Amino acid sequence: MAEDGSDFARSMSIATSGLRAQAGRMRVISENIANADSTSPTAGGNPYSRKVPTFSSALDRTLDAKVVTLGKIRTDQSAFRVKHEPSNPAADAAGNVKYPNVNPLVEMTDMREAQRSYEANLNIISATRRMIQRTLDILKA
Amino acid sequence: MAINDLPILSALRTKMQWHQERQRVLAENVSNANTPNFRPSDLVEPKFDNNGANVGGAMGSLGMMRTSATHIGVSGGGQSFRGDGGKNGFLTKPAGNAVNLEDQMLKVSANQMDYAAATSLYSRSLGLLKTAIGKR
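Residues numbered from 1 in each chain as written. Chains lettered and ligands numbered in written order. Predicted model: local features only at pLDDT ≥ 70, side-chain atom pairs only at ≥ 80, totals over all residues. Heavy atoms only, no water.

**Here's the deal with the overall build of chain A**
In step 1: Across its full length, chain A holds two helices and six strands.
In step 2: Reading the helices (α) and strands (β) of chain A from amino to carboxyl end gives α-β-β-β-β-β-β-α.
In step 3: A compact globule built from 141 residues should have a C-alpha radius of gyration of about 14 Å, whereas chain A, at 22 Å, is more than 25% larger.
In step 4: With the principal axes as the frame, chain A shows a C-alpha extent of 80 × 25 × 20 Å.
In step 5: Per-residue burial over chain A gives 37% buried out of 141 residues.
In step 6: Roughly 8000 Å² of accessible area belongs to chain A as shown, and the carbon and sulfur atoms make up 54% of that amount.
In step 7: The centroid of the 19 positive side-chain charges in chain A is displaced by 1 Å from the centroid of its 15 negative side-chain charges. (Helix = DSSP H or I, 4+ residues; strand = E, 2+ residues; numbered from the N terminus. Rg over C-alpha atoms; globule rule 2.2 N^0.38 Å. Buried < 20%, exposed > 50% of the residue type's maximum accessible area, 1.4 Å probe, protein only. Areas by Shrake-Rupley, 256 points an atom, 1.4 Å probe, with all protein chains shown as cover. Lys, Arg positive; Asp, Glu negative; His and termini not counted. Charge placed at Lys NZ, Arg CZ, Asp CG, Glu CD.)

**A short note on the overall build of chain B**
In step 1: Across its full length, chain B carries two helices and four strands.
In step 2: The linear arrangement of helices and strands in chain B, starting from the amino end, is α-β-β-β-β-α.
In step 3: Within chain B, the fraction of its 136 residues that count as buried is 38%.
In step 4: If you take every contact in chain B between residues at least 6 apart in sequence, the share linking residues at least 24 apart comes to 70%. (Contact = heavy atoms within 4.5 Å.)

**Considerations on the packing of helix α2 (residues 104–140) of chain A against helix α2 (residues 101–132) of chain B**
In step 1: For the pair α2(A) and α2(B), interaxial distance at closest approach is 9 Å and the crossing angle is 5 degrees. Here α2(A) is positioned roughly parallel relative to α2(B), judged by the angle of their axes.
In step 2: A per-class count over the contact of α2(A) with α2(B) returns 12 nonpolar, eight polar and four charged. (Axes fitted to C-alpha atoms, helices over the stretch in contact; angles between N-to-C directions. Parallel < 35°, antiparallel > 145°, perpendicular 65-115°, else oblique. Nonpolar A, V, L, I, M, F, W, Y, C, P; charged D, E, K, R; others polar.)

**Details of the packing of aromatic side chains**
Centre-to-centre distance and the angle between the planes together describe a pair of aromatic rings.
In step 1: Taken as a whole and judged by the stated rule, the model has one aromatic pair over all chains.
In step 2: Seen from their ring centres, A:Phe8 and B:Tyr115 are 5.4 Å apart, and the 85 degrees between their planes marks the pair as edge-to-face. Linking A:Phe8 in helix α1 (residues 7–34) with B:Tyr115 in helix α2, this pair reaches from one chain into another.
In step 3: With a relative accessible area of 0%, B:Tyr115 lands in the buried category.
In step 4: If you follow A:Lys83 out to its NZ or CZ, it ends over the ring of A:Tyr99, 4.7 Å from the centre. (Phe/Tyr/Trp six-rings, centres within 6.5 Å; stacked < 30°, edge-to-face > 60°. Lys NZ or Arg CZ within 6 Å of the ring centre and 35° of its normal.)

**Thoughts on the confidence of the model for chain B**
Note: predicted coordinates in regions of low pLDDT should not be interpreted at a detailed level.
Residues and elements named next belong to chain B.
In step 1: Here chain B averages 73 in pLDDT, while 67% of its residues score no lower than 70.
In step 2: Ranking the elements of chain B by mean pLDDT puts strand β4 (residues 92–94) last, at 41, and α2 first, at 90.
In step 3: In this model residues 58–62 is a low-confidence stretch, pLDDT under 50, and it forms 14 contacts with partners more than four residues away in sequence or in other chains.
In step 4: For residues 76–97, every residue scores under 50 in pLDDT, and the model assigns this stretch 43 contacts once sequence neighbours within four places are set aside.
In step 5: What the predictor reports for the complex is a pTM of 0.72 with an ipTM of 0.77. (pLDDT = per-residue confidence, 0-100.)

**Here we look at the interface of chain A and chain B**
Often, the extent of an interface is quoted as the loss of accessible area on bringing the components together.
In step 1: Counting residues at the interface gives 36 residues for chain A, matched by 33 residues for chain B.
In step 2: Summed over both partners, the interface of chain A with chain B comes to about 2800 Å²; 60% of that surface belongs to carbon and sulfur atoms.
In step 3: The interface formed by chain A and chain B contains one salt bridge.
In step 4: Residue B:Glu102 pairs with A:Arg116 through a salt bridge whose shortest N-O separation is 3.1 Å.
In step 5: Elements with a contribution of two residues or more to the side of chain A that touches chain B: α1, β2 (55–60), β3 (65–70) and α2 of chain A.
In step 6: Looking at side-chain class alone, the side of chain A that touches chain B contains 14 nonpolar, 12 polar and 10 charged residues. (Buried area = accessible area lost by both parts, 1.4 Å probe. Salt bridge = Lys/Arg side-chain N within 4 Å of Asp/Glu carboxyl O.)

Here's what the structure looks like:
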């Protein structure tokens, strides 16, 4: 054990890294939902493509613990939705418009998962705080 | 005899340290709940013998070795310099492949309650000592 007594602080920092990662994930999800209908500014061009957050677990040397970090944000490679809308300014020569490959249902499911993980990390923080409080209560004995 | 040498207090301190370390491991598991290929880990529970000494893990301070029966014994120290081959502290072992948040939450609350129990036992023991020296 490196230093006694700093374990609770480390637990809190690890949980905070989880909070940060899940908050970043929520940001990406809200970006996807907000851009669910963003078409290309040019005729026949590609629309907004869905962004996928990635997580990786990294060893934090100052904490000596595996914290989670939000890795590179990738783009979804699946095909765009195509609608026949000749009057749309983003339509190509055949009158087809490419819409983003964002599925609101998938985004909602992801959002719930992010929310749940966020709450779990918050739960860790409050449990750790209660444990610290118990330690301080020894002084009152 | 220092207060920390009392078997019950040192056992409780070991237990509290174990809970702190376990809280860190559980925080790691929960924060990595969405990391691919992450395997959650947990700590092996500390075991105490009848005298409150920790069996298996060497958490105590390293004492002087007694090479002769006439040497004065050092309280709280181990009997050997060799220890247990670098396996001191608590063993971390993988519990599976994926993090189960419900499971982790159960562990966190159990950890917290056990810690509360250990701290109140500790303060009760301190209270007994205070009663003995007549300060209350």
